[in-house]
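Fold and contact review
Here are the chains, one letter per residue:
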Amino acid sequence: MRNETWDAGFRGAGASANPWGFFDMHGNVEEWTADWYEEHTTDAQTDPKGPSGPVGLTSQHGRVTKGGSYGLPNYFARSGARLIRNPSARQSGIGFRVALVPVQLQAIAWNNNTSHNLSDGSFSLGASTNSGLTLSYASSDTSIATVDASGSVTPLAYGTFTITISAPGNADCHEASLTTDSITVSDLSTLTVIPWQDNTAFGGPVLGKALANTTSFSDGTTVRVDATAVFQYTNTWGLNQGSPPSYQATFERWETNLPNPDTGPWPGWPSLTSSGPFAPGATYTAKAIYSTIQL
């Protein structure tokens, strides 16, 4: 056998590929097909498949080869010419074409929004794929949330779930699947810090100055409230009436409905923290209670 190959067919100017993108499918060797042979009818047909199996491996029943070969007349070097071959036949003029079809990987993306409020209603996953194929969706817990064919999620209860997003494959790309990160359905809790007054009613009122690190939060958040004393005098003092009286404020306690509050000790000023558990949509308050004395 020669240590060289030869081009078969014509790919020069004017050459064109067949509907599947292949050139030079005629000549060289007959190529096996998947079809079993049977006589064609006179009716118009497009790519007839033939019977599902052989009636018997006789001269009239076998696999179909097409394309002709180097040892056959030119008449057979065409798509419409069929030959009957025993599948076990081994001949130098029979073979097949090895074709590599590039197949791309599909990538599925979504909006990565993993926290939603039950009160906000339905939301979209914003999913897409680089193939443009139709996506399908499935919820891991339909008692918490359902998802429709468009990727719209409807929360039904508080909890955590995932969505599996799938894309079918085709001749151009592999099938793909993505499971989202855990999505939590809750409602944000709120915290109101109440300005306080001294509980002794002595002298001018002492108003509270308190700051929280967050006023809207979900379960799992740590809330901290810090309070300091700000004095407000109610008397009006003239230039010759001396200095206004001085007051000293003493922190006594927190009044709050935050669950499991931790009041320190905190250096510098009174503080409290709470890490819940917080009920979705609940409203919490925090108020620092001080007593005051005149110095």
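Placed above this text is the structure.
The paragraphs below set out a description of the structure included in this document.

Parameters at a glance
- Counting restarts for each chain, with residues numbered from 1 along the sequence as it is written.
- In view of the model being predicted, local features appear only for residues whose pLDDT reaches at least 70, and side-chain atom pairs are presented and counted only at 80 or more, with totals across whole chains, interfaces and linings using the full set of residues.
- Processing note: side-chain calculations cover all non-hydrogen atoms of the structure and skip hydrogens and water entirely.
- Any carboxyl oxygen of Asp or Glu within 4 Å of a side-chain nitrogen of Lys or Arg constitutes a salt bridge here.
- Only protein chains enter the accessibility calculation, which uses a 1.4 Å probe; a residue is then buried when its area is under 20% of its type maximum, exposed when over 50%, and partly exposed in between.
- Only buried residues count toward a nonpolar core. Its members are Ala, Val, Leu, Ile, Met, Phe, Trp, Tyr and Cys residues joined through side-chain atoms within 4.5 Å.
- A run of H or I in DSSP becomes a helix once it reaches four residues, and a run of E becomes a strand once it reaches two; helices and strands are each numbered from the N terminus.
- It only takes one pair of heavy atoms within 4.5 Å for two residues to be counted as in contact.
- Centres within 6.5 Å make a pair out of two Phe, Tyr or Trp rings, where for Trp the six-membered ring is used; the pair is then stacked when the planes are under 30 degrees apart, edge-to-face when over 60, and tilted otherwise.
- Two strands qualify as a pair provided that DSSP identifies no fewer than 2 bridges between them.
- Whenever a helix is involved, its axis is fitted only over the stretch in contact; in every case the axis is a line through C-alpha atoms, and angles between N-to-C directions fall within 0 to 180 degrees.

What follows covers the pattern of salt bridges. By the definition in use, this model includes 3 salt bridges. Two residues, aspartate 226 and arginine 224, come together in a salt bridge whose shortest N-O distance is 2.9 Å. Take aspartate 226: its relative accessible area is 21%, and that puts it in the partly exposed class. We note a salt bridge from glutamate 255 to arginine 253, for which the minimum N-O separation is 3.1 Å. According to the relative accessible area criterion, glutamate 255 is partly exposed, its value standing at 36%. Residue classification places arginine 253 among the partly exposed residues on the basis of a relative accessible area of 38%.

Inside soluble globular proteins, nonpolar side chains tend to come together where they are buried. The biggest cluster of nonpolar side chains holds 17 residues, and the ones touching the most others in it are Leu125, Tyr137, Val153, Phe161, Ile163, Ile165 and Ile183. Secondary-structure elements contributing two or more residues to this core are β10 (145-147), β13 (163-167) and β15 (183-186). Among the elements that make up this core, the one with the highest residue count is β13 (3 residues). Those residues within four positions of phenylalanine 161 in sequence are excluded, and the remaining contacts are Phe123, Ser139, Ser140, Asp141, Ile144, Ala145, Val153, Asp181, Ser182, Ile183 and Val185. Val225, Leu258, Ala282 and Ala286 belong to the second-largest nonpolar core, a separate cluster that totals 14 residues.

Scanning the entire structure with this criterion turns up 4 aromatic pairs. Where phenylalanine 278 meets tyrosine 284, the ring centres are 5.6 Å apart and the plane angle is 65°; that geometry is what we call edge-to-face. A relative accessible area of 4% places phenylalanine 278 in the buried class. Residue tyrosine 284 is classed as buried on the basis of its relative accessible area, which comes to 8%. In this structure an aromatic cluster arises from ring pairing among Phe217, Phe278 and Tyr284.

Among the structural elements, proline 277 can be located in the loop between β21 (271-274) and β22 (283-294). Proline 277 sits in the exposed class, given a relative accessible area of 56%. Proline 277 sits 58 residues away from aspartate 219 along the chain, and the two C-alpha atoms are 6.0 Å apart. Beyond its immediate sequence surroundings of up to four residues, proline 277 is in contact with Asp219, Pro259, Asn260 and Tyr284.

It is worth spelling out the sheet that holds β15 at this point. With respect to topology, 3 strands assemble into an open sheet ordered β6-β15-β12, the strand pairing being mixed. Whereas interior strands pair on both sides, the edge strands pair on one side only; in this sheet they are β6 (115-117) and β12 (159-161). Neighbour-to-neighbour, the strand axes of the sheet open up by a mean angle of 25°, direction not taken into account. As judged from the 3 bridges shared by β12 and β15, these two strands associate in the antiparallel manner.

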